[in-house]
Amino acid sequence: MSHFGKIVFVGGRGGLHSVGGSFSGSVDNPDMWEPAADLLEVEGGFLVQVDLPGVDASSVEAVIDGQQLMIRGVRRAICPNRSKRYIHMEVPRGEFGKIIGLPEPVSAENCQALLRDGVMEIFLPYDTRQIFAITQLRIKTFL
């Protein structure tokens, strides 16, 4: 079974926003946690790897504007009812956000995103034309 979230690539320099409205929240929000991420240069572009164990792909959104990638979403609590309670909690829950600066422009046309085994990978190919376009991709995950 596969589940899908979305990744939205927005051209221009007007700030980070999604196609459907403003990109609410900020990594400056003290209530948001920030996932660990790696940015690798690979053949043909960049690969972003974000640690998101326990996060459903349908609750993740990523936006790229120029040379910034912003990822946000929600990790739900494991104990949603009152009959259970945390004794010790280290894994952050709730809203998260991450902004990653990219060293070069990327092409939205061939970007790909996959969430599998708790790691989201986003391939961002180089933009040799440096033309920004709006493109929406699905984040694939397999359970």
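I will try to describe carefully the structure that is included in this document. (Residues numbered from 1 in each chain as written. Predicted model: local features only at pLDDT ≥ 70, side-chain atom pairs only at ≥ 80, totals over all residues. Heavy atoms only, no water.)

With respect to the environment of V48
Considering the arrangement of structural elements, one finds V48 in strand β5 (residues 45-51). In this structure the C-alpha to C-alpha distance between V48 and A113, which are 65 residues apart in sequence, comes to 9.2 Å. When neighbours within four sequence positions are excluded, V48 is seen to be in contact with D38, L39, L69, I100, M120, E121, I122 and L124. (Helix = DSSP H or I, 4+ residues; strand = E, 2+ residues; numbered from the N terminus. Contact = heavy atoms within 4.5 Å.)

Some words on unusual backbone geometry
Its identity is not glycine, yet D117 carries a phi of approximately 55°, on the positive side. By secondary structure assignment, the location of D117 is in the loop between β9 (112-116) and β10 (119-125). Classification of D117 as exposed rests on a relative accessible area of 71%. (Buried < 20%, exposed > 50% of the residue type's maximum accessible area, 1.4 Å probe, protein only.)

Considerations on a nonpolar patch on the surface
A surface patch of nonpolar side chains, amounting to about 290 Å² of accessible area, comprises I78, Y86 and M89. Its place among the elements puts I78 in the loop between β7 (68-75) and β8 (94-101). (Patch = residues over 30% accessible without salt bridge, like charges linked within 9 Å, V, L, I, M, F, W, Y side chains within 5 Å. Areas by Shrake-Rupley, 256 points an atom, 1.4 Å probe, with all protein chains shown as cover. Salt bridge = Lys/Arg side-chain N within 4 Å of Asp/Glu carboxyl O.)

Some words on the nonpolar core
Core analysis: the largest hydrophobic core is formed by 22 residues, its most contacted members being L52, L69, I71, M120, I122 and L124. Within the residue set of this core, elements represented by two or more residues are β5, β6 (60-65), β7, β8, β9 and β10. (Core = buried A, V, L, I, M, F, W, Y, C linked by side-chain atoms within 4.5 Å.)

Honestly, that's just the spatial picture; any functional story needs more than this.
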